[in-house]
Amino acid sequence: MKVIDLRSDTVTHPTPEMRKAMSEAEVGDDVYGEDPTVNRLEAMAAKMMDKEAAVFTTSGTQGNLTAVLTHTHHGDEIIVGDQAHILWYEVGGAAALGGVILRTVPNDSGGRLDPSDIERTIRGKDIHYTQTTLLCLENTHNRCGGTVLTTDYTDEVCNLAHRRGLKVHLDGARIFNGAVALSVPACALARNADSVALCLSKGLSAPVGSLLCGRREFVERARKFRKMLGGGMRQAGVIAAAGIVALETMVDRLAEDHANARRLAQGLAQIKGITLAQDDIPTNIVMFHVSPPLSPAEFIEALDRAEVKIGLRDGRPFRAVTHRMVSSSDIDEALTRIEAVCLKLQRARK
Ligand SMILES: *Cc1c(COP(=O)(O)O)cnc(C)c1O
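About the cut-offs
Residues numbered from 1 in each chain as written. Predicted model: local features only at pLDDT ≥ 70, side-chain atom pairs only at ≥ 80, totals over all residues. Heavy atoms only, no water. Pairing = 2+ DSSP bridges. Helix = DSSP H or I, 4+ residues; strand = E, 2+ residues; numbered from the N terminus. Axes fitted to C-alpha atoms, helices over the stretch in contact; angles between N-to-C directions. Contact = heavy atoms within 4.5 Å. Salt bridge = Lys/Arg side-chain N within 4 Å of Asp/Glu carboxyl O. Buried < 20%, exposed > 50% of the residue type's maximum accessible area, 1.4 Å probe, protein only.

Quick notes on the sheet that holds strand β8 (residues 210–214)
Strand pairing in a sheet takes place through backbone hydrogen bonds and is either antiparallel or parallel in direction. Here we have seven strands laid out as an open sheet, ordered β2-β8-β7-β6-β5-β3-β4, and mixed in their pairing. Every interior strand has two partners, whereas the edge strands, β2 (53–57) and β4 (101–105), have only one. Each strand of the sheet is rotated relative to its neighbour by a mean of 20°, with strand direction disregarded. As paired strands, strand β7 (residues 195–199) and β8 are joined by five bridges and run antiparallel to one another. If you follow serine 195 over to β8, its bridge partner there is glycine 214. Along the sheet face, helix α2 (residues 36–48) touches β2 and β8 and points at about 125° away from the line of β2.

Here's what the structure looks like:
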């Protein structure tokens, strides 16, 4: 029985084309700026995001932290959504290593921050205050179910931040999912942000790596912080080669993952004991609850035995993520197994 792994799009393996590109990659020492493949990947990402430059980082977490370090000083305050990945899942790095205060504004169900909340949260000139220097947005929004920030919204919020002297960093780990969902070029979603970090290792299926893009001067300073964080890699062209294939060939197919997520959601909605936690499924993330008598822990354990993997997240809805290694027939098969598990557990309770 095939394991159907819906825990995350990070479980995607490199494609045969990626492995071939990796084995043939031209390399050099990237700390000296001499790896031609890394240089090509960085130039390609900068061009796609319509920014002056880009730097290849080991992960999205390192990209976001590098951005925070580059945009701020110790003791500054930064504004993030209360559901932000930077706040929840990056081990507190911005606070621990960047020395910044993370001030939160509520995310609405679409992953947005209300502009008036942002406005209210930016510190004024009082002698008691630290300075607010950075606003972080996230597109697509992970904890808000893969929701997409539109170009208009992003422009409005970036303009507000800039008017008040803040920089804007966009956590665009899944920005290509957002771009495909809206049928806009990814660069349009970041055109007024000062920096954007994007992941190659999620839906784009590369094994490793992210890119932090922005103005040339910003990226040059970011390179030093990346080095400080241990991200100065040597013959990194071996992994960058897969990233090039990812950017060239894996973006448009994200539409399939979105269609599969909708298919999964429609199927889940038909299963007794399951309720969707989202009104619609904009990209590749589906959030849902199980209702009593099914207990979340019991449900996940039984699913695991049925070779369907979904992460248990304490007190939160379940999250299923579609990706290249799960086909539409795998989705149908997963639904069959999930329904069987629900029925079995419900019967056991009678
Ligand atoms: C996955 C993710 C990251 C970080 O990615 P890693 O490469 O796992 O460090 C950052 N932001 C968001 C929104 C993500 O989903």
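Things to note about the sheet that holds strand β12 (residues 318–321)
Taken together, the three strands give an open sheet; going across it, the order is β9-β10-β12, and neighbouring strands pair in antiparallel fashion. Only two strands of the sheet have a single neighbouring strand rather than two, namely β9 (274–276) and β12. If you compare each strand with its neighbour and ignore which way they point, the axes differ by 35° on average. Here four bridges tie strand β10 (residues 285–290) to β12, and the two strands are oriented antiparallel to one another. Across the sheet, residue valine 286 finds its bridge partner in β12, namely alanine 320.

Description of the pattern of salt bridges
Throughout the structure, instances matching the rule amount to 21 salt bridges. Here arginine 103 makes a salt bridge to glutamate 77, at a shortest N to O gap of 3.0 Å. Taken together, the positions of arginine 103 in strand β4 and glutamate 77 in strand β3 (residues 77–81) put the pair 26 residues apart, joining distant regions of the chain. Accessibility expressed as a relative area gives 31% for arginine 103, which makes it partly exposed. Note on glutamate 77: relative accessible area 1%, which makes it buried. Here arginine 221 and glutamate 217 are joined by a salt bridge, their closest N and O atoms 2.7 Å apart.

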